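# A structural walkthrough
What follows is the residue order along each chain.
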Amino acid sequence: MSVLERKQEVEARIATVCRESGRQENDIKIIAVTKYVSLETTEQVLNIGLQHIGENRWQDVKPKWEALHERGTWHFLGHLQTNKVKDVIGKFAYIHSLDRMSLAKELDKQAASLGIEVNCFLQVNISGEETKYGVSPQEFFQFAEEVSKLAHIRVCGLMTMAPYELESEETRPVFRGLRELRDQLNERRLFPYEVKELSMGMSSDFDVAIQEGATWVRLGTVLVGKEG
Ligand SMILES: *Cc1c(COP(=O)(O)O)cnc(C)c1O
């Protein structure tokens, strides 16, 4: 299947889920995750009108970013080591993996030195799996409060990943949990603005994530395929 056919199929599925769950299609934004595909395929992805590109590691995305960065909006999805912040700052419009205070401070410092604000998602480990990054729901509000004091970080939303091995329906409590945390965060008014976005849902579980309120879905295999 071509990337265009996959895109049409994914968009049709999103439209169906939206219709069935009373959501607006244009509230769901797609990030094409290109970490499994070449620069050439990434270029095709941009050519067919997918504008948001997601990647996990700077060393892998570097050639793609250097060749194509003006054509898209770049999202950093993977675990970010503090000493790699300088590689990604200013290049990625969104960081989806803000999961600890040391990283927040480094992002804030580097953003300050560039005179920019960096859009971040707070990553939460809702499922509690030991192998997953993210703050626990118990630590979440304190973490958010500390981050709210950093002038160069804008918290646009929350991000989570559901356990890979779950059947899609079993992921529902994870996504619902993230939505509830976002709503509670806004009730507490820790930020002088509304924290709106929910970055959740991947190839195997995006339908359920949308039903539970996802505003950004991160799609690799199902949308751009997997090469090599
Ligand atoms: C790889 C990855 C994705 C996309 O994975 P697929 O299952 O191929 O859709 C989404 N989010 C993150 C954080 C990833 O690392």
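Before reading further, recall that the structure is shown in the block above.
Scope of this entry: the structure provided in the associated data block.

Conventions adopted
- Residues numbered from 1 in each chain as written.
- Predicted model: local features only at pLDDT ≥ 70, side-chain atom pairs only at ≥ 80, totals over all residues.
- Heavy atoms only, no water.
- Phe/Tyr/Trp six-rings, centres within 6.5 Å; stacked < 30°, edge-to-face > 60°.
- Helix = DSSP H or I, 4+ residues; strand = E, 2+ residues; numbered from the N terminus.
- Buried < 20%, exposed > 50% of the residue type's maximum accessible area, 1.4 Å probe, protein only.
- 1 Å grid on protein atoms, 1.4 Å probe; cavity = no way out; pocket = protein on both sides within 12 Å on 5 of 7 lines; lining within 4 Å.
- Points joined across faces, edges and corners; volume = space filled by probe spheres on them.
- Nonpolar A, V, L, I, M, F, W, Y, C, P; charged D, E, K, R; others polar.

### Re the packing of aromatic side chains
Applying the stated rule across the entire model yields 7 aromatic pairs. Look at Tyr94 and Trp216: their rings are 5.6 Å apart centre to centre, the planes differ by 55°, and that puts the pair in the tilted class. Of this pair, Tyr94 sits in strand S4 (residues 94–98) while Trp216 sits in strand S8 (residues 216–219); the two residues are 122 residues apart in sequence, bridging distant segments of the chain. Taken individually, Tyr94 and Trp216 each receive the classification buried, so the pair is uniform in this respect. Here the aromatic rings of Phe140 and Phe141 are separated by 5.1 Å at their centres, their planes lie at 70°, and the arrangement is edge-to-face. Taking the relative accessible area as the measure of exposure, Phe140 reaches 0% and is therefore buried. The exposure class assigned to Phe141 is buried, which follows from its relative accessible area of 13%.

### Some thoughts on unusual backbone geometry
Phi at Arg189 is positive, roughly 50°, even though this residue is not glycine. With respect to the secondary-structure elements, Arg189 resides in the loop between helix H7 (172–188) and strand S7 (197–199). Look at Arg189 and you get exposed, because its relative accessible area is 70%.

### Focus: the layout of surface pockets
Its volume calculated, the largest pocket comes out at about 460 Å³. Lining the largest pocket are 23 residues, with Lys35, Asn56, Met161, Tyr164 and Met202 sitting closest to its centre. A class-by-class count of the residues in the lining of the largest pocket yields 10 nonpolar, 9 polar and 4 charged. The wall of the second largest pocket is formed by Glu11, Ile14, Ala15, Glu25, Ile28, Lys29, Ile30, Gly49, Leu50, Gln51 and His52. Classifying every residue of the lining of the second largest pocket by side-chain character gives 5 nonpolar, 3 polar and 3 charged.

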